[in-house]
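Structure at a glance
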Amino acid sequence: EKCYDIILMDVSMPVMDGIEATAAIRSGSGKSRETRIIALTAHVGDDVTERLCAAGMDDVIAKPIRSRILRRLLAEASAADQKRSGRRSSRLKS
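Just so it is clear, the model here is predicted, and its values are computed rather than measured.

Details of the side chain of Arg26
- Residue placement: Arg26 occurs in helix H1 (residues 18-27).
- Looking at Arg26, its side chain comes within polar contact range of the side chain of Asp58, at 2.8 Å.
- If we skip the residues at most four places from it in the chain, Arg26 touches Ser32, Arg33, Glu34, Thr35, Arg36, Ile37, Gly56 and Asp58.

This is how it looks when you write it as C-alpha cells:
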C-alpha cells in the first residue's frame, strides 16, 4: 500500500462521492489515513467549505482551479510534511 503526500479529492464522482471516499480513507487503517485531502468542487460558499471540512477534508478548492492556489496548497503541504519529518526537500522550488 502506498502512502500519498496529498490527495486531490473530486467531491462529485460517480458510485462514491468525495465525502464518502474521504470518510473511508479517514476511518481506515491505511498509510494515507492522515494524508492531507483537498476537496475539488464546483460548488462554493462558506457552508460548502464547512461541510467538506467537517467531513474530514483539509482544504477546499473551487473549480475551475487556479494554478497559484494549487501551488500554494501544495507548498503548504510540503512545508508541513518537512516540519513533521524534520527534513528539507530540494524538489520544491518557489
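Some words on the pattern of salt bridges
- Under the definition given, this model contains five salt bridges.
- Two residues, Asp10 and Lys63, come together in a salt bridge whose shortest N-O distance is 3.1 Å. Taken together, the residues Asp10 in strand S1 (residues 6-10) and Lys63 in the loop between strand S3 (59-62) and helix H3 (67-85) connect sequence positions 53 residues apart.
- A residue is classified by how much of its surface remains accessible, and Asp10, at 25% relative accessible area, is partly exposed.
- Judged by relative accessible area, Lys63 falls into the partly exposed class, the value being 36%.

So, the pairing of strand S2 (residues 36-41)
- When you tally the buried positions in S2, you get five out of six residues, the bulk of the element.
- Sheet topology note: the S1/S2 ladder contains five bridges and is parallel. Looking across to S2, one finds that Ile6 is bridged to Arg36.
- For the segment spanning S1, H1 and S2, crossover handedness is right-handed.
- Bridge analysis of S2 against S3 gives four bridges, and the strand direction is parallel. The residue bridging Leu40 from the neighbouring strand is Ile61, located in S3.

A word on the sheet that holds S1
- If you trace the three strands from one edge of the open sheet to the other, you get S1-S2-S3, paired in parallel fashion. Two strands in the sheet have a free side with no partner beyond their single neighbour: S1 and S3. Within this sheet the neighbouring strands show an average axis-to-axis angle of 25°, counted without direction.
- In the packing of H1 onto the sheet, the strands contacted are S1 and S2, and the crossing angle to S1 comes to about 150°.

Thoughts on the confidence of the model for the protein
- Mean pLDDT over the protein: 86, with 88% of residues reaching 70 or higher.
- Across the protein, H1 holds the top mean pLDDT of 96, while H3 sits lowest at 84.
- Note that residues 87-94 has pLDDT below 50 and, in this model, six contacts with residues that lie over four places away or in other chains.

Some details on the environment of Asp10
- Placed 11 residues apart in sequence, Asp10 and Ala21 show a C-alpha to C-alpha distance of 9.6 Å.
- If sequence neighbours within four positions are ignored, Asp10 has contacts with Gly18, Leu40 and Lys63.
- Here Ser12 takes part through its backbone nitrogen, which lies 3.2 Å from a polar atom of the side chain of Asp10.
- A distance of 3.1 Å separates a polar atom in the side chain of Asp10 from a polar atom in the side chain of Lys63.

Parameters and conventions
Every chain is numbered independently, its residues counted from 1 as its sequence is written. The model is predicted, so local features are restricted to residues of pLDDT at least 70 and side-chain atom pairs to those at 80 or more, both for listing and for counting; the totals for chains, interfaces and linings are taken over all residues. Only hydrogens and water are set aside when side-chain values are computed; all heavy atoms of the structure are taken into account. In this text, helices come from DSSP runs of H or I with a minimum length of four residues, and strands from runs of E with a minimum of two, each type numbered from the N-terminal end. N or O atoms closer than or at 3.5 Å make up a polar contact, with two conditions inside protein: a donor-capable atom paired with an acceptor-capable one, and, for residues adjacent in sequence, both atoms drawn from side chains. By definition, residues are in contact when any of their heavy atoms lie within 4.5 Å. The working definition used for a salt bridge is a side-chain nitrogen of Lys or Arg within 4 Å of a carboxyl oxygen of Asp or Glu. A 1.4 Å probe rolled over the protein chains alone gives each residue an accessible area, and that area as a share of the maximum for its type sets the label: buried under 20%, exposed over 50%, partly exposed in between. The rule for pairing is simple: two strands pair if DSSP sees at least two bridges between them. Classification remark: right-handed applies to a crossover when, strands pointing away from the viewer, the course from the first strand over the helix to the second runs clockwise. For every element, the axis is a line fit to its C-alpha atoms; helices are fit only across the contacting stretch, and the angle between N-to-C directions ranges from 0 to 180 degrees. The predictor reports its confidence for every residue as pLDDT, a score running from 0 up to 100.

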